[in-house]
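Residues per chain, in single letters:
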Amino acid sequence: AKSQGGQRYAFFDESLKQQLLNRVQVEADLRTAIKENQFILYYQPQVDLAKGRVTGLEALIRWQHPEKGLIPPNAFIPIAEQTGLITTLDTWSLREACRQLKEWQAAGLADVTVSVNLSAQQFQDSELLPLVATVLSETGLRPEHLDLEITESCAMSSPACAISIMQALTELGVSISIDDFGTGYSSLAYLKQFPIETLKIDRSFVMNIESDDKVASLCDSIAHLAHRLGLRVVAEGVETEEQLKFLVSSACDSVQGYFFSKPLPVASVLQFAHSFAWQ
Ligand code: C2E
Ligand code: CA
Ligand code: CA
Ligand code: CA
């Protein structure tokens, strides 16, 4: 078998070697990027359907590479997770998002919350609580204006542990959203115990609302379930008017997606939020 497959193994080894080299290269680049402050945040508006205005902004990290240009998070977050650099990035995102919202508030942006994504590593880090407390006091942002997004799979990987972390965060006054909801395996028993405010329906469902009736009724069920648990529902990845109409009929509270706006660079956010009106 070895002699027959030698060619293939060699090829496989070659591509593994490439992957490893790429990983080593990206890791080295990431360390430089951290030292040289090459990251920026974009902000994607969340539109409250009842209020018809922007009530949330999700902070989404990008890497402004000196040669390669703007690199999306999917190209470096997995490597940052594998190398442990993710907690440095998450800490930066948290601090920067809070600082930025405080600046926008001073410029007249009222009643808007900023949502920051937390990796599983950052969520479970014993330094998270003191970090959030420090960032809030350093920036002067009120805790009710900060929302932390953790994925469903992160919350469910160790639910008992997640509950106590969430409780401590909630005591600080920040709110918690369960991100990418529907892609993991939630236990209702735990969902009821999580001190969370929001469920975010994953884009993989929203994008199939028009093409698949089962997916549509699933979205509808998630929205009803969330409301019965006293939670807010945000649908992510809303791209079309048909999706929006369906989500309105399902009593979804807020939507986020290209239909209203792509993630925006800092310079475009105030103008968008102030001039936005729906219905
Ligand atoms: P996510 O938290 O699920 O964020 C939503 C992603 O969907 C964003 O991709 C956003 O640009 C994209 N999106 C929003 N609306 C639409 C739409 O209508 N259509 C389509 N096709 N896409 C839409 P982005 O910015 O590339 O971020 C990807 C992921 O990277 C995020 O997924 C999040 O998991 C992660 N991420 C971003 N910033 C951070 C961060 O500061 N820390 C951590 N740990 N993860 C981050
Ligand atoms: Ca998110
Ligand atoms: Ca999401
Ligand atoms: Ca998602």
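Residues numbered from 1 in each chain as written. Chains lettered and ligands numbered in written order. Predicted model: local features only at pLDDT ≥ 70, side-chain atom pairs only at ≥ 80, totals over all residues. Heavy atoms only, no water.

The next subject is the pairing of strand 2 (residues 53–65). Of all the 13 residues making up strand 2, eleven are buried; the element is thus mostly covered by neighbouring parts of the structure. Inspection of the sheet shows strand 1 (residues 39–48) paired to strand 2 by ten bridges, in the antiparallel sense. Residue pairing across strands places Gln46 opposite Gly56, the latter belonging to strand 2. From the end of strand 1 to the start of strand 2, which pair antiparallel, there are four residues, and Gly52 there has a positive phi angle of about 65 degrees. Taken together, strand 2 and the strand that follows it, strand 3 (residues 69–71), pair antiparallel across an intervening segment of three residues. (Buried < 20%, exposed > 50% of the residue type's maximum accessible area, 1.4 Å probe, protein only. Helix = DSSP H or I, 4+ residues; strand = E, 2+ residues; numbered from the N terminus. Pairing = 2+ DSSP bridges.)

To continue, consider the confidence of the model for the protein chain. Residue-level pLDDT values for the protein chain average 94, and 96% of them are 70 or greater. Listed scores for the predicted complex are pTM 0.94 and ipTM 0.98. (pLDDT = per-residue confidence, 0-100.)

Quick look at the coordination of the calcium ion (ligand 2) now. Distances from the calcium ion (ligand 2) to its protein donors, Glu58 (OE), Asn117 (OD1), Glu149 (OE) and Asp179 (OD), fall at 2.1 to 2.3 Å. Considered as a linear motif, the donors of the calcium ion (ligand 2) on their single chain read E-x58-N-x31-E-x29-D. A distance of 3.7 Å spans the gap from the calcium ion (ligand 2) to the calcium ion (ligand 3), which Asp179 bridges by coordinating each metal. Highlighted residues: Glu58 in strand 2 and Asp179 in strand 6 (residues 175–181), separated in sequence by 121 residues. Look at Glu58 and you get buried, because its relative accessible area is 5%. (Donors = N, O, S within 2.8 Å, 3.2 Å for Na, K, Ca; no water.)

Take the packing of aromatic side chains next. Per the counting criterion, the structure on display carries nine aromatic pairs. With 4.8 Å between their ring centres and 75 degrees between their planes, Tyr43 and Trp104 make a pair best called edge-to-face. In this pair, Tyr43 sits in strand 1 while Trp104 sits in helix 3 (residues 86–106), placing the two residues 61 residues apart along the sequence. Accessibility assignment for this pair places Tyr43 and Trp104 in one class, buried. Every member of this aromatic cluster is reached through a ring pair, and the members are Phe259, Phe260, Phe272, Phe276 and Trp278. Positioned above the aromatic ring of Tyr42 is the side chain of Arg62, whose terminal nitrogen or guanidinium carbon lies 5.2 Å from the ring centre. Between Lys262 and the ring centre of Tyr258, over which it is positioned, the NZ or CZ distance is 4.8 Å. (Phe/Tyr/Trp six-rings, centres within 6.5 Å; stacked < 30°, edge-to-face > 60°. Lys NZ or Arg CZ within 6 Å of the ring centre and 35° of its normal.)

Attention now goes to the packing of helix 3 against helix 5 (residues 128–139). Axis separation between helix 3 and helix 5 bottoms out at 9 Å; the angle between their running directions is 30 degrees. Between helix 3 and helix 5, the angle falls in the class roughly parallel. Here helix 3 runs over helix 5; the crossing is right-handed. Residues Thr91, Leu94, Arg95, Cys98, Arg99 and Lys102 of helix 3 pack against Leu131, Val132, Val135, Glu138 and Thr139 of helix 5. (Axes fitted to C-alpha atoms, helices over the stretch in contact; angles between N-to-C directions. Parallel < 35°, antiparallel > 145°, perpendicular 65-115°, else oblique. Left-handed = near helix turned anticlockwise from the far one by under 90°. Contact = heavy atoms within 4.5 Å.)

For the rest of this paragraph, the subject is the environment of Ile176. Position of Ile176 relative to the elements: it lies in strand 6. If we ignore the near neighbours within four places in the chain, the residues touching Ile176 are Asp147, Leu148, Ile150, Met166, Leu169, Thr170, Pro195, Ile196, Glu197 and Thr198.

Applying the stated criterion to the full structure yields nine salt bridges. Put simply, Lys200 and Glu58 hold a salt bridge, and the shortest N to O gap is 2.9 Å. One end of the pair, Lys200, is in strand 7 (residues 198–201); the other, Glu58, is in strand 2, with 142 residues separating them in the sequence. Sharing partners across several salt bridges, the network here consists of Arg23, Glu27 and Arg31. (Salt bridge = Lys/Arg side-chain N within 4 Å of Asp/Glu carboxyl O.)

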